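Okay, here's what each chain looks like letter by letter:
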Amino acid sequence: MIKMKFNTKVIHGGQKHDAAYGAVMPPIYQTTTYAQTTPGGHKGYEYSRTHNPTRNALENAFASIENGNYGLAFGSGLAAIDAVIKLLKPGDEVISTNDLYGGSFRLFTKIFQGFGIKFHFIGMENAINIESYINTNTKLIWVETPTNPMMSIIDVKAVSAIAKRHSILLAVDNTFATPYLQQPLDLGADIVMHSATKYLGGHSDVVMGGLVVKDKALADKLYFIQNASGAICGPQDSFLVLRGIKTLHVRMQRHCENGKAIAKYLVSHPKVENVYWPGFENHPNHHIAKSQMKDFGGMISFTSKGSNFEEAIKIVEKLKVFTLAESLGGVESLSGHPASMTHASIPKVEREKTGVVDSLIRLSVGIEDIDDLIADLKQALG
Ligand SMILES: *Cc1c(COP(=O)(O)O)cnc(C)c1O
């Protein structure tokens, strides 16, 4: 195997040309089953819940770009998270970041808590906070960084040192950063999780999830869950995300450039109160962002002065180039109002504790012309 740099891996990592005709892109193997010459006499594929060549090509790409050894693709990001939590059993405890994707919070509290798994949601901006929540039942630490939507930065190396000292698994939701910006396995995480729906797919046309690990025993457990629970993705979607990944590095470069320009514009705007973006030197964990990320990404949250629920909604309604929509990470810019959209499933008291106030607006900065994006914000902020 040739040693590849990241920009080559996104295009070639884990990929082989098709054996049958040399197709450069893996064919979409739209099949449920595979002919056998005698019972068990097959070419490595039996049934498409278990394995599918198009999905395997994508899973190999996932593993390659995250510097892991094993990749797994699921029908959504939440299905991938669901598979990770199924490694646990009743009585086990999980310590999770408190500023968390709303759907992850809902899955943890509304589904798995009912199965006897206990979750602690805590601020991890200072990794040492984790120590006091650890006991013999603690089996998993769940980290999002940058967090959603407050853009807090968690020091993955520091959390990993704590996890290793207590033999606890560390999983990092790398959806916001993508492996272009940070590679959690290299920072000591055991599991990397993606909502490939976002930057990896990159074109707002597929819902998908992924996991990557280094360890064979852990991979085997997760493959068992993937096959046993069956939350897989189809070959067509696998093909689309594989295609998306091939331009991840060029898209991310532009997301970062545009994100930086918009963060700077917002900070200088007289009506804007707070801007949350890890690239600012006065961001509380800017130095960690600088050391563990290559750049600062295209996700920005902000509040405007004297704003409230209604005012924030007026601003997002006025935006025209930024489409008001759930989700993020596509080529097109999106705006969102977390309190009424992505984080509506988190009780108001809980979300306000982490800064998700009624006036907060979240932007997923796309790769359009920066002048048009800034002009749009200018007219909406009026
Ligand atoms: C969207 C998202 C998820 C959930 O992924 P789906 O593909 O929507 O199931 C999990 N974590 C983060 C950070 C997300 O943005």
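Residues numbered from 1 in each chain as written. Predicted model: local features only at pLDDT ≥ 70, side-chain atom pairs only at ≥ 80, totals over all residues. Heavy atoms only, no water.

## Section: the packing of aromatic side chains
Keep this limit in mind: What counts as a ring pair is set by centres within 6.5 Å for rings of Phe, Tyr and Trp (its six-membered ring), and what kind of pair is set by the plane angle: stacked under 30 degrees, edge-to-face over 60, tilted for all other angles. What counts as a helix is a DSSP run of H or I of at least four residues, what counts as a strand is a run of E of at least two, and both are numbered from the N terminus.
Under the counting rule described, the total for this entry stands at ten aromatic pairs. Judged by centre distance (5.5 Å) and plane angle (40°), the rings of Tyr34 and Tyr45 are tilted. Of this pair, Tyr34 sits in the loop between helix H1 (6-12) and helix H2 (53-65) while Tyr45 sits in the loop between H1 and H2, and the two are eleven residues apart along the sequence. On the numbers, 5.0 Å between centres and 75° between planes, the contact of Trp277 with Phe280 is edge-to-face.

## Remarks on the pairing of strand S6 (residues 191-195)
Both faces of the sheet carry side chains from a regular strand, because those side chains alternate between them. For clarity, the cut-off: Burial classification: accessible surface area is computed with a 1.4 Å probe over protein chains only, and a residue below 20% of its type maximum counts as buried, one above 50% as exposed, and the rest as partly exposed. Note on pairing: DSSP must find at least two bridges between two strands before they are called paired.
Across the five residues that make up S6, a large majority, five, are buried. Every second residue of S6 is oriented toward a common face, with Ile191, Met193 and Ser195 on one face and Val192 and His194 on the other, all of them buried. In the sheet, strand S5 (residues 169-173) pairs with S6 via three bridges, with the strands oriented parallel. Counted as the bridge partner of Ala171 is Ile191 from S6.

## Considering unusual backbone geometry
The linkage connecting Thr145 with the following residue, Pro146, adopts the cis geometry, with an omega of -5°. The omega angle of the peptide bond from Asn148 to Pro149 is 10°, so this bond is cis rather than trans. Mapped onto the elements of the fold, Pro149 is located in the loop between strand S4 (138-144) and helix H5 (156-165). Residue Ser204 is not a glycine yet carries a positive backbone phi of 50°. Structurally, Ser204 is set in the loop between S6 and strand S7 (209-213). A positive phi angle is found at Ser327, which is not glycine, with a value near 85°. Relative to the helices and strands, Ser327 resides in the loop between strand S10 (323-324) and strand S11 (334-336).

## Describing the pattern of salt bridges
A side chain with one charge may pair with a side chain of the opposite charge, provided their charged atoms come close. Rule in force here: Counted as salt bridges are all cases of a side-chain nitrogen of Lys or Arg within 4 Å of a carboxyl oxygen of Asp or Glu.
Applying the stated criterion across every chain yields a total of 13 salt bridges. Note that Lys139 and Asp92 form a salt bridge whose closest N and O atoms lie 3.2 Å from each other. With Lys139 in strand S4 and Asp92 in the loop between helix H3 (77-85) and strand S2 (93-97), this pair connects stretches of sequence that are 47 residues apart. Among the ionic pairs, Glu131 bridges to Arg165, the shortest N-O distance being 2.5 Å. Note that Glu131 is positioned in the loop between strand S3 (118-122) and S4 and Arg165 in helix H5, a separation of 34 residues in sequence. It is possible to trace a salt-bridge network through shared partners that takes in Lys348, Arg351, Glu352 and Asp358.

## Observations concerning the side chain of Lys198
Test applied: Whether two residues touch is decided by their heavy atoms; if any such pair falls within 4.5 Å, the residues are in contact.
Mapping Lys198 onto the fold places it in the loop between S6 and S7. Those residues in contact with Lys198 that lie beyond four places of it in its chain are Tyr101, Thr175, Ser327, Leu328 and Gly329.

## Here's the deal with helix H9 (residues 248-268)
The condition that has to hold: By this rule, a helix spans an expected 1.5 Å times one less than how many residues it contains.
Under the 1.5 Å per step criterion, the end-to-end length of H9 is 30 Å for 21 residues, consistent within 8% with the ideal 30 Å. Turning to H9, its buried residues are Leu248, His249, Arg251, Met252, His255, Cys256, Asn258, Gly259, Ile262, Ala263, Tyr265 and Leu266.

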